[in-house]
Amino acid sequence: MARRANRRRSATSRIGLRCCLTALLLAASAASAQERLWLAGTELAPGSSYSYAGLLMPAFGGHLGEGFIQRYWVDYLTYRYDSDGRRIEAEGLGAEAALGYVTPVGSGQLSTTMGILYRDTTLSPDDPDSAARGAQWRLRAQVEYNQPVSESAELGLLGSYVFGQRGYWTRARLGMDVGPGLRAGPELILQGDPDYRAVQYGAFLAGLQLSSTVQAGIRAGIREQRDESRRGYVGVEFTGHW
């Protein structure tokens, strides 16, 4: 019975990811290279990790800077938490297709998206009370706001919420110009769901030019999680036109 259940979950996971990847490829073929922005990165900390790859493109005649946009995302995460005296190890593979809108707000820019998120989370040992457990289709809302605060500094706010799981992820960054094309500053991240809560505070450096179309960024800091000791984290980010 357990093997049959695992096979059904595996088949459902493959179907969900295949649908999202097919939508990504079809949409990518319809957009010009100048209007396709890809993102990828990873973050590592003792007991947790997050890796992602995504594609951002215009939709319905919009542009990445203003109008309708479409976003496609795949990711893999691991984390751990305590439940009823047990240490639970979690890992999940996810994919999302989202539609949104970008609009100027004063001298800043506001982006909102709503997407269908598929995630298959394995818990070891099993935790039947966890809202994140198993294969789930859910809605995820995301809001991003960027606002210049001076000629050489910009505030960036980003937040997302997964309905049904009550999962959230928020980040605030203050980026300051530190060289040609380079921006650095502090960052604060709050994330969690009913199973765990974590706070990260650190610093980032963005705008490292790897080629004419690819940039990289690095980040590092301290992670504090409920039921865990204080630990460090490091991350790397890549963006480019494709």
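Thresholds, definitions, all that
Residues numbered from 1 in each chain as written. Predicted model: local features only at pLDDT ≥ 70, side-chain atom pairs only at ≥ 80, totals over all residues. Heavy atoms only, no water. Helix = DSSP H or I, 4+ residues; strand = E, 2+ residues; numbered from the N terminus. Buried < 20%, exposed > 50% of the residue type's maximum accessible area, 1.4 Å probe, protein only. Contact = heavy atoms within 4.5 Å. Phe/Tyr/Trp six-rings, centres within 6.5 Å; stacked < 30°, edge-to-face > 60°. Lys NZ or Arg CZ within 6 Å of the ring centre and 35° of its normal. Pairing = 2+ DSSP bridges. Axes fitted to C-alpha atoms, helices over the stretch in contact; angles between N-to-C directions. Polar contact = N/O pair within 3.5 Å; in protein donor to acceptor, adjacent residues only side chain to side chain. Salt bridge = Lys/Arg side-chain N within 4 Å of Asp/Glu carboxyl O.

A. Spatial organisation of the overall build of the chain. Helix and strand content of the chain: 1 helix and 12 strands. Of the regular secondary structure in the chain, the N- to C-terminal order runs α-β-β-β-β-β-β-β-β-β-β-β-β. Relative to its 242 residues, the chain shows a buried fraction of 42%. Considering only residue pairs separated by 6 or more positions, the chain has 47% of its internal contacts joining residues 24 or more positions apart.

B. Quick peek at the packing of aromatic side chains. For the structure shown, the criterion picks out 8 aromatic pairs. For the pair Tyr 50 and Tyr 52, a centre-to-centre distance of 5.9 Å together with 25° between the ring planes defines the contact as stacked. Judged by relative accessible area, which is 25%, Tyr 50 ranks as partly exposed. An angle of 80° between the planes, with centres 5.1 Å apart, marks the rings of Tyr 161 and Phe 163 as edge-to-face. Judged by its relative accessible area of 32%, Tyr 161 is partly exposed. On the accessibility criterion, Phe 163 (41% relative accessible area) is partly exposed. These aromatic residues form a ring-pair network of at least three members: Tyr 50, Tyr 52 and Trp 73. The ring centre of Trp 73 lies 5.9 Å from the NZ or CZ of Arg 71, which sits over that ring. Lying over the aromatic face of Phe 204, Arg 173 brings its terminal NZ or CZ to 4.3 Å of the ring centre.

C. Region of the structure containing the pairing of strand S9 (residues 182–193). As judged from the 9 bridges shared by strand S8 (residues 167–179) and S9, these two strands associate in the antiparallel manner. The residue of S9 that forms the bridge with Met 176 is Ala 184. Where S8 folds back on S9, the antiparallel hairpin that results is connected by 2 residues, among which Gly 181 adopts a positive phi of roughly 75°. Alignment of S9 against strand S10 (residues 196–209), held across 11 bridges, turns out to be antiparallel. Its bridge partner lying in S10, Gly 192 is registered against Arg 197. Connecting S9 to the next strand, S10, in antiparallel fashion are 2 residues.

D. View of the sheet that holds strand S11 (residues 214–225). Strand order in this closed barrel of 12 strands is S1-S2-S3-S4-S5-S6-S7-S8-S9-S10-S11-S12, and the pairing throughout is antiparallel. Direction aside, neighbouring strands of the sheet carry axes that sit 20° apart on average. Pairing of strand S3 (residues 67–83) with strand S4 (residues 86–105), which is carried by 17 bridges, proceeds in the antiparallel orientation. Each residue of the ladder has a partner; that of Leu 77, found in S4, is Gly 92.

E. The side chain of Arg 119, seen in detail. Structurally, Arg 119 is set in strand S5 (residues 108–124). Here Asp 75 takes part through its side chain, which lies 2.9 Å from a polar atom of the side chain of Arg 119.

F. View of the pattern of salt bridges. In total, this model carries 17 salt bridges according to the counting rule given. Among the salt bridges present, the one from Arg 87 reaches Glu 228, with a minimum N-O distance of 3.3 Å. Taken together, the residues Arg 87 in strand S4 and Glu 228 in the loop between S11 and strand S12 (231–241) connect sequence positions 141 residues apart. Arg 87 sits in the partly exposed class, given a relative accessible area of 34%. Notably, a salt bridge pairs Arg 231 with Glu 228, separated by 3.2 Å at the nearest N-O pair. Given the relative accessible area of 24%, Arg 231 is considered partly exposed. Overlapping salt bridges bring together Glu 43, Arg 171, Arg 173, Glu 187, Arg 219 and Glu 237 as one network.

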